Amino acid sequence: MPIKIPRAHKKSAPKSKPKGRKFAFQTPKGMHDMLPADFLFFDKIEKALKKIVCYYGFERIETPIMEDARIFERGTGMTSEIVQKQMFTVKTRGGEVMALRPEMTPGVLRAYVESGLSHVMSPAKFYYLSPLFRYEQPQHGRFRQFYQLGFEILGSDEAVYDAQTISAVYRTIGELKLKNIMVRVNSIGCKTCRATYVKKLKEYYKNKLSKMCKDCNKRYSENPLRLLDCKEEKCQPFKAQAPQTLDYLCTACKHHFKLVLEYLDEMKIPYLIDSTLVRGLDYYSRTVFEVFIEGLDFALGGGGRYDYLSETLGGPRMAAVGAACGVERIVEAMKLQQIPSLVKNKNRVFLVYMGDQAKKKSLSILENLYDAGICVKEAFSKDSLKSQLRMADREKAELALILGQQEVFEDVIIVRDMQSGTQESVPLRKIVEEVKRRLR
Ligand code: HAM
């Protein structure tokens, strides 16, 4: 007896998002799961990134999620917020202090030098798409675990690479069709001219400190450049009148910055010079920049030149420039501008079985279909024909391949057109051919 196909198997898929249930444990504070729907955004961003890095000749790099904490203390900097407040540190059984990486730059530089690649690839262009950890107070666009996509160009002090790094960020975001991208750029000079500037800055702020916030008072003695980074209302009038870095650049830094801007003009990348932009990491020199999207109150990405980082970490003298963007923030921007994610991969064929023998036989049929490059969905955990067909319907499959005991015995399979409901029996040896023909 051939199997009877129930007619009334249509039950539309639930429209609303499934509600989460209570479980004894939740995701750690400030961290989130990445569910299949999130990956439709993530994969789209990765695809855009891969296209751009291919054009620009960046190669992928990954470093361990943990590093010796001192690489960040020395590199990212003791006065940076990241090191002062945001590192997840772990003491190993051997007594070493490791840190879950809060950023990629020092680790990438370490890997480049440690591997010996610095002798054979110079300049080297790396990119990454990696998870990072910062012990932040979680808020909109700010997580304790997040992904960054980033670029590092190591081994050259050429201004053209500053412009190319900005362009790589700009183009990756642009590839996603995000609009209203704003690049803010500044130069904070080299060791020499910055020292003169910082002196001026301190002179300027000296008699204003009593009217300024607690953090600024701390910055004044620890890292005066970051006085310009203050967001406190009461510090804003002082910030607006503060001396500007650009007025104190030495001839070489001035020339470097001029070239960066000329190259950006050449690549038609719109930018705004922001003399208060200093960035919150200690290793920057010369060019610094951040990328924003209109309507979002946080930066999508940021970066700059870091010509002294290698030496600070005990490595060779090596100029470098790089940038990174927060992937979750890019997703936020995509949602804000209603840019669709990738579309869920549709399995156009659904395999339905009836009985143990058919279930077993289905496995070799599936393998044959997979070998022919045909994606097939199944529901082996459901025994009833009705619920399997309902699922095929929900998945919007075009074809259902139905196998019962009788079909196994006769070496055939039923091919059902899910749209019209018509079906026919096809010899098993012809099934790949038949499915391909129908899907064409
Ligand atoms: P950063 O500005 O600290 O720079 O981070 C770059 C981007 O990562 C930010 O603009 C933001 O989009 C994202 N991001 C940072 N913290 C969080 C967070 N808690 N949650 C979500 N997204 C976040 C760096 O990390 C440098 N390593 C960039 C660089 C590369 N400079 C030179 N090379």
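Summarised in this report is the structure supplied together with it. Quantities reported herein were computed from a predicted structural model and do not represent experimental measurements. Counting restarts for each chain: residues are numbered from 1 in the order of the written sequence. This being a predicted model, a pLDDT of at least 70 is required before a residue's local features are given, and a value of 80 or more before pairs of side-chain atoms are given or counted; all residues contribute to the totals for chains, interfaces and linings. Hydrogens and water are ignored here; the side-chain numbers use all heavy atoms of the structure.

### Section: the pattern of salt bridges
Where we set the bar: Any carboxyl oxygen of Asp or Glu that lies within 4 Å of a side-chain nitrogen of Lys or Arg is treated as forming a salt bridge with it. Counting from the N terminus, the helices are DSSP H or I runs at least four residues long and the strands are E runs at least two residues long. Here the term buried applies to any residue with accessible area under 20% of the maximum for its type, exposed to any over 50%, and partly exposed to those in between, with areas from a 1.4 Å probe on protein chains only.
Scanning the model with the defined rule gives 22 salt bridges in all. A salt bridge links K200 to E203, with the shortest nitrogen-to-oxygen separation between them at 3.9 Å. Of this pair, K200 and E203 both sit in helix α7 (residues 191–205), three residues apart, roughly one helical turn. Note on K200: relative accessible area 36%, which makes it partly exposed.

### Focus: unusual backbone geometry
Phi is mostly negative for residues that are not glycine, and the peptide bonds are mostly trans. The omega torsion across S122 and P123 is 0°, close enough to zero to call that bond cis. As for its placement among the helices and strands, P123 is situated in the loop between α5 (117–120) and β5 (124–133). Positive phi outside glycine occurs at K268, with the angle close to 55°. Along the chain, the position of K268 falls in the loop between α10 (251–266) and β8 (272–273). Residue classification places K268 among the exposed residues on the basis of a relative accessible area of 70%.

### Some remarks on helix α13 (residues 356–371)
Rule in force here: Expected helix span is computed as 1.5 Å times (number of residues minus one). Every residue pair with non-hydrogen atoms within 4.5 Å of one another is taken to be in contact.
When the terminal C-alpha atoms of α13 are compared, their 24 Å separation across 16 residues agrees well with the 22 Å that a helix rising 1.5 Å per residue should span. Buried residues of α13: A358, S362, I365, L366 and L369, and no others. Against the buried residues of α13 lie β12 (349–353), β13 (376–378), β14 (399–403), α15 (405–410), β15 (412–417) and α16 (431–439). Positioned one or two residues after α13, G373 has a phi angle of 80°, which is positive.

### A look at the site of the ligand
The cut-off we apply is this: One heavy atom suffices: a residue is near a molecule or strand as soon as one of its heavy atoms comes within 4 Å of it. Under this definition, polar contacts are N or O atom pairs within 3.5 Å; protein pairs additionally need one hydrogen-donor-capable and one acceptor-capable atom, and for neighbouring residues in sequence, both atoms have to be side-chain atoms. To measure how exposed things are, a 1.4 Å probe is used in the Shrake-Rupley method; for residues, cover is taken only from the protein chains shown.
Near the ligand there are 27 residues, and of these E103, T105, E136, E152 and Y284 occur at the shortest range. Measuring from a nitrogen atom of the ligand, one finds a side-chain N or O atom of E103 at 2.5 Å. Relative to its unbound accessible surface of 660 Å², the ligand loses 96% to contact with the protein.

### Notes on the packing of helix α6 (residues 159–175) against α10
Heads up, the rule is: A fitted line through C-alpha atoms represents every axis, and for helices the fit uses only the stretch in contact; the resulting angles, taken between N-to-C directions, go from 0 to 180 degrees. Should an angle fall under 35 degrees it is called roughly parallel, over 145 degrees roughly antiparallel, and 65 to 115 degrees roughly perpendicular, with every other angle called oblique. In this scheme the crossing of two helices becomes right-handed for a clockwise turn of the near helix relative to the far one and left-handed for an anticlockwise turn of less than a right angle. Side-chain classes follow a simple rule in which Ala, Val, Leu, Ile, Met, Phe, Trp, Tyr, Cys and Pro form the nonpolar group, Asp, Glu, Lys and Arg form the charged group, and the remainder, Gly included, forms the polar group.
Between α6 and α10, the least distance of the axes is 8 Å, while the angle of their chain directions is 45°. By the angle between their directions, the pair α6 and α10 is classed as oblique. Here α6 and α10 pass one another in a crossing that is right-handed. Residues A159, V160, D162, A163 and I166 of α6 lie in contact with α10, whose contacting residues are H256, L259, V260, Y263 and L264. The residue makeup of the contact of α6 with α10, split by class, is eight nonpolar, one polar and one charged.

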